[in-house]
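Understanding the architecture of this molecule
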Amino acid sequence: MKLRTLIFLILLGIGGYYSYNFAVTQFNQPALVYKRYADALLEGDRSRAKTLAVNEAALSAFNAQAERRERLDGEERFVWYTFLNQQFSNDGKTVTMVVKQTVRVDPPGSDSFFGTEIRKDRHIVTLVQDQSAWKVQQFEDSATQMAGAKKVANR
């Protein structure tokens with residue numbers, strides 16, 4: 001075997017490993033439900049998120065829309081997610097994920113295709129398996145933390 005072939009096979013193996021890892025983390029059922037919920041939250045579409053939530057308490061993140069809009073400060077162009085951690089319970093019916101949401105935005109007065117600025121936020125979300133479907137049980141991001149802090153400060 002030539003050295004060039006060996007290097008090609010090693011690179012192909014490394015590329016395959018990272019592609020498989022990406023596909024497994026981005027396209028499993030809890031991740032897809034989380035991404036749909038986070039997109040609905042970003043757009044402020046409570047009715048779309050209602051089918052993805054276990055109960056009304058899971059929709060409490062929508063109460064912090066003003067803080068979320070203030071934090072974004074512009075029109076979102078592209079959104080992507082980096083899954084930092086996924087912890088499944090022993091029975092496999094609950095998963096807690098830590099996800100970094102990256103949003104490219106155009107601030108007021110700017111108009112581009114890709115967005116001129118990047119906003120990053122860390123989400124902590126807990127999903128439970130309700131019969132055969134995964135649903136959001138709890139969601140926390142910077143906006144919900146800020147809204148909670150404002151609520152406590154106003155007491």
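All values derive from a computational prediction rather than experimental measurement.

Here we come to the overall build of the protein. Of the regular secondary structure elements, the protein holds five helices and four strands. The order of helices and strands in the protein, counted from the N terminus, is α-α-α-α-β-β-β-β-α. Taking 15 Å as the expected radius of gyration for a compact globule of 155 residues, we find that the protein reaches 19 Å, considerably beyond that expectation. Taken along its principal axes, the extent of the C-alpha atoms in the protein is 75 × 50 × 25 Å.

Let us now look at the packing of helix α4 (residues 65-72) against helix α5 (residues 142-153). As a packed pair, α4 and α5 sit with axes 8 Å apart at the nearest point and diverge in direction by 125 degrees. Here α5 runs oblique to α4, going by the angle between their axes. Considering the relative orientation of α4 and α5, their crossing is right-handed. Residues Glu 67, Arg 68 and Arg 71 of α4 form the contact with α5, whose participating residues are Ser 142, Ala 143, Thr 144, Met 146, Ala 147 and Lys 150. Looking at side-chain class alone, the contact of α4 with α5 contains three nonpolar, two polar and four charged residues.

Let us now look at the nonpolar core. If you look at the biggest cluster of nonpolar residues, it comprises 24 residues, and the most contacted ones within it are Tyr 34, Tyr 37, Met 97, Leu 127 and Phe 139. Every element with two or more residues in this core is listed here: α2 (29-43), β1 (75-88), β2 (94-106), β3 (117-130) and β4 (133-140). It is α2 that contributes the most residues to this core, seven residues altogether. The contacts of Tyr 34, once residues within four sequence positions are left out, are Tyr 81, Phe 83, Met 97, Val 99, His 123, Val 125, Leu 127 and Phe 139.

Here we take up α2. Relative to the 21 Å expected for 15 residues at 1.5 Å per residue, α2 spans 21 Å between its end C-alpha atoms, a close match to the ideal helical length. When α2 is considered as a whole, its buried residues turn out to be Pro 30, Ala 31, Val 33, Tyr 34, Lys 35, Tyr 37, Ala 38, Ala 40, Leu 41 and Leu 42. Capping the start of α2, Asn 28 holds a side-chain oxygen 2.9 Å from the backbone nitrogen of Ala 31, two or three residues further along.

Residue placement: Lys 135 occurs in strand β4. This buried residue, Lys 135, is left without a salt bridge; Asp 130 holds the nearest opposite charge, at 4.1 Å. When residues no more than four places from it in sequence are discounted, the contact partners of Lys 135 are Val 33, Thr 51, Leu 52, Ala 53, Val 54, Thr 126, Leu 127, Val 128 and Asp 130.

Quick look at the pairing of β3 now. Sheet analysis places β2 next to β3, joined by twelve bridges and oriented antiparallel. Considered in β3, the bridge of Val 98 is made with Ile 124. Examined bridge by bridge, β3 and β4 share seven bridges and lie antiparallel to one another. When the sheet's bridge partners are listed, Val 125 is paired in β4 with Phe 139. The loop that links β3 with its antiparallel partner β4 comprises two residues; one of these, Gln 131, has a positive phi angle of about 60 degrees.

Definitions and cut-offs
- The residue numbers shown here count from 1 along each chain, following its written sequence.
- The predicted origin of the model limits local features to residues at a pLDDT of at least 70 and limits the giving and counting of side-chain atom pairs to 80 or more, whereas totals for whole chains, interfaces and linings rest on all residues.
- Only hydrogens and water are removed before side-chain values are computed, so all heavy atoms of the structure are retained for them.
- Only runs of H or I of at least four residues qualify as helices and only runs of E of at least two qualify as strands under DSSP, and these elements are numbered from the N terminus.
- We take the radius of gyration over the C-alpha atoms and set the globule estimate at 2.2 Å times the residue count to the 0.38 power.
- Axes, fitted as lines to C-alpha atoms, cover a helix only where it is in contact. Angles between the N-to-C directions of the axes lie from 0 to 180 degrees.
- When an angle is under 35 degrees it counts as roughly parallel; over 145 it counts as roughly antiparallel; between 65 and 115 it counts as roughly perpendicular; any other value is oblique.
- Note: crossing handedness is left-handed where the near helix turns anticlockwise from the far helix by less than a right angle, and right-handed where it turns clockwise.
- Contacts were defined at the residue level, with two residues in contact if any of their heavy atoms lie within 4.5 Å.
- Nonpolar residues are Ala, Val, Leu, Ile, Met, Phe, Trp, Tyr, Cys and Pro. Charged residues are Asp, Glu, Lys and Arg, and all others, Gly as well, are polar.
- Working definition of a nonpolar core: buried Ala, Val, Leu, Ile, Met, Phe, Trp, Tyr and Cys residues. They are joined through side-chain atoms within 4.5 Å.
- Type-normalised accessible area, obtained with a 1.4 Å probe on protein chains alone, sets the label of each residue: buried when under 20%, exposed when over 50%, and partly exposed for intermediate values.
- What a helix is expected to span follows from its residue count: subtract one and scale by 1.5 Å.
- Polar contacts, as used here, are pairs of N or O atoms within 3.5 Å; protein pairs need one atom able to donate a hydrogen and one able to accept it. Residues neighboring in sequence count only if both atoms are side-chain atoms.
- The charged-residue count follows a simple rule in which Lys and Arg add positive charge and Asp and Glu add negative charge, with His and chain termini not counted at all.
- Take a side-chain nitrogen of Lys or Arg and a carboxyl oxygen of Asp or Glu: if they are within 4 Å of each other, that pair is a salt bridge.
- The pairing criterion for strands is at least two bridges between them, as found by DSSP.

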